[in-house]
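# Fold and geometry: a report
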Amino acid sequence: MVSKVDTFRALHHGRLPGDPLVLPGPWDAASARAFEDAGFPALATPSAGIAASLGYADGSTPADEMFSAVARITRAVDVPVSADVEDGYGLAPKELVERLLEAGAVGCNLEDSSGGALKDPRHHADLLAEVRAAAGDRLFLNARVDTFTCGDGDPERAIERAALYVAAGADCVYPIGAPANVLPLLRAGIQGPLNAYAQLDGESPSAAELGELGATRVTFGPWLQRRATAALGEIAAGL
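Described below are features of the structure shown in this document. (Residues numbered from 1 in each chain as written. Predicted model: local features only at pLDDT ≥ 70, side-chain atom pairs only at ≥ 80, totals over all residues. Heavy atoms only, no water.)

## Thoughts on the packing of helix H2 (residues 29-37) against helix H4 (residues 63-76)
Contact pair H2 / H4: the axes reach a minimum separation of 8 Å and the direction vectors enclose 35 degrees. Crossing geometry of H2 relative to H4 is assigned as right-handed. Here Ala-29, Ala-32, Arg-33 and Glu-36 of H2 come into contact with H4, specifically with Arg-72, Ile-73 and Ala-76. (Axes fitted to C-alpha atoms, helices over the stretch in contact; angles between N-to-C directions. Helix = DSSP H or I, 4+ residues; strand = E, 2+ residues; numbered from the N terminus. Left-handed = near helix turned anticlockwise from the far one by under 90°. Contact = heavy atoms within 4.5 Å.)

Next comes the structure, spelled out in C-alpha cells:
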C-alpha cells in the first residue's frame, strides 16, 4: 500500500512546464474539506493563515496550538497535508518530527530566518540534516530560503543556500518572495523540486505561468485565507 508521504513525494516529480503542483493552504478543517472537494490532490497549510484564524499575529502562534490546528486539518481530509512549522519553534529535531507525525502531516516547511534575520545557512543545513535523520523517508522536507524577504535578494546567495539544504536532505526548496523573472535562474541553479509563491492580487503571475518559469509546485501563503476573510466581510456588510 502506498503511503500518503510517498503519494505526496511522487506528485513533485515528472511534472511538465506549465503544470506545477498547486497546493492550496487550508487554515481550518472546513477550508481543507473545500479544497479537497474541489479536487486538489494535496494541501499545504500556511502558518500565517492559521495564525490569523486563531487570533494571532504571523509568527506568534504557540507551537501547541499550531500542531493542534494541523491535526484538525489532517483529520478532516483524506489527501496528504504538509505543514508550515515556521522555524521549528525551537524544538529538537526528533521532537519536531514526532509532533509532525502525530499531527498527521506528510511534510513540513522549515524557514532559514528567525526574527526577520537570516540564519547561518550551514547551521540551518545541520538542522535539516538532523530532521532528515530523525524522519527518514516519513516526511517531505521543504526548505524555505528567505534571501528575498530577509536578505539582499541576491539569486546567487539563494542558490548557494539551496545547495546546502538539498545536500542536507531537503526534498524541495522554497525561495519565498523570489521575483518571477528570477525563477528561471533559480531553476537552472537548484537541484530538485522548486516551490514558488503565488500572490492572488490580480497582477502577479498565475500558477501555470510560474510553472512555465520553472516552478515545480506553487503555494499561496495566507492569500486564500485573506481572500476568504475579505469575501466574508462583503457578506457581512450586505447583511
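After presenting the structure, the write-up continues.
## Let's talk about the nonpolar core
Note on soluble globular proteins: their nonpolar side chains tend to be buried together. One finds Val-85, Leu-96, Leu-100 and Leu-186 to be the most contacted residues of the largest nonpolar core, which totals 58 residues. The leading source of residues in this core is H4, at eight residues. Among residues more than four places away in sequence, those in contact with Leu-186 are Phe-148, Pro-155, Ala-158, Ile-159, Pro-175, Ala-178 and Leu-194. (Core = buried A, V, L, I, M, F, W, Y, C linked by side-chain atoms within 4.5 Å. Buried < 20%, exposed > 50% of the residue type's maximum accessible area, 1.4 Å probe, protein only.)

## Regarding the state of the cysteines
By the definition in use, this model includes zero disulfides. Cys-108 provides the cysteine sulfur closest to Cys-150, a residue in no disulfide bond, and the two sulfurs are 18 Å apart. The closest cysteine sulfur to the non-disulfide-bonded Cys-172 is located on Cys-108, 11 Å from its own sulfur. A relative accessible area of 1% places Cys-172 in the buried class. (Disulfide = S-S within 2.5 Å.)

## Description of the pattern of salt bridges
With the rule as written, the count across this model stands at 11 salt bridges. In this structure, the salt-bridge partner of Arg-144 is Glu-111, at a minimum N-O distance of 3.3 Å. One end of the pair, Arg-144, is in strand S7 (residues 140-144); the other, Glu-111, is in strand S4 (residues 107-111), with 33 residues separating them in the sequence. Ionic pairing is found between Asp-112 and Arg-161, a salt bridge with its closest N-O pair at 2.9 Å. Placement of the pair is Asp-112 in the loop between S4 and strand S5 (113-114) and Arg-161 in helix H8 (residues 155-167), with a sequence separation of 49 residues. Residues Asp-112 and Arg-161 agree in their burial class; the two are buried. Three or more residues are tied together by salt bridges with common partners; here these are Asp-6, Arg-9, Arg-132 and Asp-171. (Salt bridge = Lys/Arg side-chain N within 4 Å of Asp/Glu carboxyl O.)

## Let's talk about H8
Relative to the 18 Å expected for 13 residues at 1.5 Å per residue, H8 spans 18 Å between its end C-alpha atoms, a close match to the ideal helical length. Inspection of H8 places Pro-155, Ala-158, Ile-159, Arg-161, Ala-162 and Tyr-165 among the buried residues, and these make up the whole buried set. Looking straight down H8, one finds its buried side chains confined to an arc of 165 degrees; they lie on one side. Where H8 is buried, its residues touch strand S6 (117-118), helix H6 (121-135), S7, helix H7 (147-150), strand S8 (172-174) and helix H9 (183-189). In this structure Asp-154 caps H8, since a side-chain oxygen of it lies 2.9 Å from the backbone nitrogen of Glu-156. (Expected span 1.5 Å × (residues − 1). Arc of directions from axis to C-beta. Polar contact = N/O pair within 3.5 Å; in protein donor to acceptor, adjacent residues only side chain to side chain.)

## Regarding unusual backbone geometry
Its identity is not glycine, yet Glu-86 carries a phi of approximately 50 degrees, on the positive side. Position of Glu-86 relative to the elements: it lies in the loop between strand S3 (81-84) and helix H5 (93-102). For Glu-86, a relative accessible area of 8% corresponds to the buried category. One non-glycine residue, Tyr-89, adopts positive backbone phi at about 60 degrees.

## Topic: a nonpolar patch on the surface
The grouping of Leu-232, Ile-235 and Leu-239 at the surface amounts to a nonpolar patch, some 380 Å² of accessible area in total. The class of Ile-235 is exposed, set by a relative accessible area of 52%. (Patch = residues over 30% accessible without salt bridge, like charges linked within 9 Å, V, L, I, M, F, W, Y side chains within 5 Å. Areas by Shrake-Rupley, 256 points an atom, 1.4 Å probe, with all protein chains shown as cover.)

## A word on the pairing of S3
With burial as the criterion, each face of S3 is covered, one bearing Val-81 and Ala-83 and the other bearing Ser-82 and Asp-84. With two bridges connecting them, strand S2 (residues 43-44) and S3 associate as parallel partners. Within the sheet, the bridge partner assigned to Ala-44 lies in S3 and is Ser-82. In this sheet, S4 lies alongside S3 in parallel orientation, the contact comprising three bridges. Residue pairing for S4: Ser-82 is matched across the bridge by Gly-107. Tracing the backbone out of S3, into H5 and back to the parallel element S4 gives a crossover that is right-handed. (Pairing = 2+ DSSP bridges. Right-handed = clockwise from strand over helix to strand, strands pointing away.)

## So, the environment of Arg-15
Tracing the chain through its elements places Arg-15 in the loop between helix H1 (4-10) and strand S1 (21-23). Along the sequence, Arg-15 and Arg-217 sit 202 residues apart, while their C-alpha atoms lie 9.1 Å from each other. The contacts of Arg-15, once residues within four sequence positions are left out, are Pro-20, Leu-21 and Thr-216. At a separation of 2.8 Å, a polar atom in the side chain of Arg-15 contacts the main-chain carbonyl oxygen of Asp-19.

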